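# Per-entry structural report
The primary structure of each chain is shown beneath.
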Amino acid sequence: MLTVVNQENFKAIVENSQVPVLLDFSATWCPHCQDLLPILKELSEKTEGKLIVAAIDTDESPELATMMKVEYIPALFVYKDGVYSDMLIAPKSLNEVETWLKGQGAL
């Protein structure tokens, strides 16, 4: 299950998390974002308790997209120990996301 993040709960869910957090900046109108959704849901199930997979709708939380300097969606960010470490734009597969997360020390 994906955790919905917005301006009100960003600090509590992302910055204060005891486990790494994968943030997905996306929008309902974006076809590539919708293609990525099943991959993120599968990842969330596989990593339950070890990684929070969170979704941020750029239309509903534009201030977070601006804060993170999101220019393209879908954009994935990884937070570890409350600190942002890297970004991945429009991954195509679960393997690509997992390999990237392992490289960030998030898996």
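The notes below deal with the structure included here. This one's a predicted model, so the numbers in the text were calculated from it and none came from an experiment.

In terms of backbone geometry, most residues other than glycine have negative phi values and most peptide bonds are trans. Going from Ile73 to Pro74, the amide bond is cis rather than trans, its omega being 0°. For Pro74, the position within the fold is in the loop between α3 (62-67) and β4 (75-80). For Asp81, which is not glycine, the phi dihedral falls at a positive 55°. As for its placement among the helices and strands, Asp81 is situated in the loop between β4 and β5 (83-89).

Every buried residue belonging to helix α4 (residues 94-103) is among Leu94, Val97, Glu98, Trp100 and Leu101, and all of these are buried. One side of α4 carries all its buried residues, which in axial view fall inside an arc of 165°. Exposed residues pointing more than 90 degrees away from the buried face of α4 are listed as Asn95, Lys102 and Gly103. Elements that come into contact with the buried residues of α4 comprise β2 (21-26), α2 (31-46), β4 and β5.

Together, Tyr72, Tyr84, Met87 and Ile89 make up a nonpolar patch on the protein surface, roughly 380 Å² of accessible area in all. Residue placement: Tyr72 occurs in the loop between α3 and β4.

What counts and what doesn't
- Residues numbered from 1 in each chain as written.
- Predicted model: local features only at pLDDT ≥ 70, side-chain atom pairs only at ≥ 80, totals over all residues.
- Heavy atoms only, no water.
- Helix = DSSP H or I, 4+ residues; strand = E, 2+ residues; numbered from the N terminus.
- Buried < 20%, exposed > 50% of the residue type's maximum accessible area, 1.4 Å probe, protein only.
- Arc of directions from axis to C-beta.
- Contact = heavy atoms within 4.5 Å.
- Patch = residues over 30% accessible without salt bridge, like charges linked within 9 Å, V, L, I, M, F, W, Y side chains within 5 Å.
- Areas by Shrake-Rupley, 256 points an atom, 1.4 Å probe, with all protein chains shown as cover.
- Salt bridge = Lys/Arg side-chain N within 4 Å of Asp/Glu carboxyl O.

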